[in-house]
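# Results of the structural survey
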Amino acid sequence: MLIFPAIDIKDGKCVRLYKGDFSTVHQVAENPLSTACAFFDSGAEWIHMVDLDGARTGQRKNSSIFIEIAKKSRLKVQLGGGIRDMETLEYYFSHGISRCILGSAAVKNPDLVRSAVKAYGDKIAVGIDAVDGMVAAEGWLEISSMPYIEMAKQMEGFGVKTLIFTDISKDGTLEGPNFEQLRALSEAVSCNIIASGGIRDLSNIRTLAQLNLYGAICGKSIYSGTLNLPSAIVTADIDRLFKKSDLIPTIVQEDSTGEVLMLAYMNRTSLKRTIQTGKTWFWSRSRQQYWNKGETSGNFQHVVSISADCDDDTLLVRVIQDGAACHTGAHSCFFKEFYK
């Protein structure tokens with residue numbers, strides 16, 4: 001699953017709203033480009049941007065900001081807000097925007113969606129924003145009589161490959177996304193689903209990844225500090241840890257003291273078993289089999305946290321150790337000090 005850090009722009013500034021209410025607008029960052037570049041440095045591949053002025057007026061008031069970020073940040077830009085005709089689509093695509101989102105236009109002008117998909121294929125996404133399961137439009141100021149699932153199926157029929165779903169009641173609240181509606185949407189259509197609204201922390205990211213969604217948009221959680229972007233990127237795509245090798249060295253550390261207990265190796269399966277069970281699992285290179293630390297001795301390791309290093313090629317697992325970690329009976333495997 002991809003993580004899309006978000007920047008909403010109003011009057012040229014990076015802002016956030018609460019439940020889509022324009023009266024709650026507040027600035028969250030100083031400079032859009034430097035913020036985007038920081039997202040790239042944290043490991044992001046995409047950025048989700050919204051022109052809030054465009055959503056209300058249909059005008060490209062902030063277009064220079066989006067184009068500058070597409071050119072200079074090294075991120076792929078997914079852009080929505082006020083895109084309501086083929087001319088605007090052509091303008092943005094010709095200036096480096098990677099994906100454009102049709103929102104209100106998809107509700108009020110289905111023919112535009114057909115034409116856009118025919119011309120630009122999977123560079124077109126449709127945003128489905130809902131209140132109590134009913135689709136909203138015009139910057140969330142108007143509520144239609146169309147259920148969000150019905151609209152999703154209609155868009156799928158038009159050939160749309162990517163849908164961005166927002167439960168407006170969750171947006172900006174940090175209360176967690178609407179997992180129930182996202183699950184229903186994912187089961188109803190074959191499109192790539194991007195979750196938006198309410199995402200708070202890593203537990204939310206894990207749950208969304210378990211739904212096999214295509215992506216998750218994170219805004220307020222990043223700015224408020226409840227979600228660490230590099231951690232979210234790894235949580236959303238554990239497989240990225242194994243791009244260099246099928247085995248990754250894993251340092252096990254006593255949580256309470258920081259003492260290093262042992263070094264072993266994990267592959268995808270043993271890491272997933274560790275996460276699922278809360279106890280460490282490794283891959284034995286000599287025996288060519290999985291092993292659960294403590295299965296024979298009773299000296300289990302209860303996982304407190306798992307971290308990846310800066311290069312995503314080494315793991316640090318902090319644990320509460322039952323008994324000795326070493327087969328010799330020593331608490332740590334590292335007891336043969338030979339230089340000090």
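Since we're looking at a predicted model, the values are computed, not measured.

### A look at the packing of aromatic side chains
Overall, the coordinates contain 8 aromatic pairs when judged by the stated rule. Summarising the aromatic geometry, the rings of Phe-4 and Tyr-214 are spaced 6.2 Å apart at their centres and angled 55 degrees between planes, so their arrangement reads as tilted. Of this pair, Phe-4 sits in strand β1 (residues 2–10) while Tyr-214 sits in the loop between α9 (202–210) and β12 (215–218); the two residues are 210 residues apart in sequence, bridging distant segments of the chain. Residue Phe-4 is classed as buried on the basis of its relative accessible area, which comes to 0%. Arranged with centres 5.0 Å apart and planes meeting at 40 degrees, the rings of Phe-282 and Trp-291 form a pair that is tilted. Residue classification places Trp-291 among the partly exposed positions, given a relative accessible area of 22%.

### Describing the sheet that holds strand β14 (residues 260–266)
Reading across from one edge, β14-β13-β18-β17 is the order of the 4 strands in this open sheet, with mixed pairing throughout. Single-partner strands in this sheet number two, and they are β14 and β17 (301–308). Adjacent strand axes in the sheet meet at a mean angle of 25 degrees, parallel and antiparallel pairs treated alike. Relative to β14, strand β13 (residues 248–254) is paired through 6 bridges, and the arrangement is antiparallel. Pairing of Ile-248 across the sheet is with Met-266, part of β14.

### Some words on the pairing of β12
Side chains of β12 alternate between two faces, with Gly-215 and Ile-217 and Ala-216 and Cys-218 buried alike. Alignment of β1 against β12, held across 4 bridges, turns out to be parallel. Considered in β12, the bridge of Pro-5 is made with Cys-218. In terms of strand pairing, strand β11 (residues 192–196) meets β12 through 3 bridges, oriented parallel. Opposite Ser-196, over in β12, you have Ile-217 as the bridge partner. For the crossover from β11 across α9 to β12, the handedness is right-handed.

### Section: unusual backbone geometry
If you check the backbone angles, Asp-11 has positive phi at about 55 degrees while not being a glycine. Secondary-structure assignment places Asp-11 in the loop between β1 and β2 (13–18). Taking relative accessible area as the criterion, Asp-11 reaches 43% and is therefore assigned partly exposed. A positive phi angle is found at Asn-212, which is not glycine, with a value near 60 degrees.

### Focus on the packing of α9 against helix α11 (residues 229–236)
For the pair α9 and α11, the least separation of the axes is 9 Å and the interaxial angle reads 25 degrees. Of the possible angle classes, the one that applies to α9 and α11 is roughly parallel. Every pair of crossing elements has a handedness; the one defined by α9 and α11 is right-handed. Between α9 and α11, the contacting residues are Leu-202, Ile-205, Arg-206 and Ala-209 on the first element and Ser-231, Ala-232, Thr-235 and Ala-236 on the second. Of the residues belonging to the contact of α9 with α11, the class tally is 5 nonpolar, 2 polar and 1 charged.

### Quick look at the side chain of Glu-254
Structurally, Glu-254 can be placed in strand β13. Summary of buried charges: Glu-254 has no salt-bridge partner, and the nearest side chain of opposite charge, Arg-318, is 8.4 Å away. Here the side chain of Glu-254 touches His-331 through a polar contact of 3.0 Å, side chain to side chain. The contacts of Glu-254, once residues within four sequence positions are left out, are Glu-259, Leu-261, Arg-318, Val-319, Ile-320, Gln-321 and His-331.

### Considerations on the state of the cysteines
Defined simply, a disulfide is a covalent bond joining two cysteines at their sulfur atoms. Overall, the coordinates contain 0 disulfides when judged by the stated rule. The structure places no disulfide on Cys-14, whose sulfur is separated from the nearest cysteine sulfur, that of Cys-37, by 12 Å. For the unlinked cysteine Cys-191, the closest cysteine sulfur is that of Cys-100, found at 18 Å. By relative accessible area, which is 10% here, Cys-191 ends up buried.

Definitions and cut-offs
- Residues numbered from 1 in each chain as written.
- Predicted model: local features only at pLDDT ≥ 70, side-chain atom pairs only at ≥ 80, totals over all residues.
- Heavy atoms only, no water.
- Phe/Tyr/Trp six-rings, centres within 6.5 Å; stacked < 30°, edge-to-face > 60°.
- Helix = DSSP H or I, 4+ residues; strand = E, 2+ residues; numbered from the N terminus.
- Buried < 20%, exposed > 50% of the residue type's maximum accessible area, 1.4 Å probe, protein only.
- Pairing = 2+ DSSP bridges.
- Axes fitted to C-alpha atoms, helices over the stretch in contact; angles between N-to-C directions.
- Right-handed = clockwise from strand over helix to strand, strands pointing away.
- Parallel < 35°, antiparallel > 145°, perpendicular 65-115°, else oblique.
- Left-handed = near helix turned anticlockwise from the far one by under 90°.
- Contact = heavy atoms within 4.5 Å.
- Nonpolar A, V, L, I, M, F, W, Y, C, P; charged D, E, K, R; others polar.
- Lys, Arg positive; Asp, Glu negative; His and termini not counted.
- Salt bridge = Lys/Arg side-chain N within 4 Å of Asp/Glu carboxyl O.
- Polar contact = N/O pair within 3.5 Å; in protein donor to acceptor, adjacent residues only side chain to side chain.
- Disulfide = S-S within 2.5 Å.

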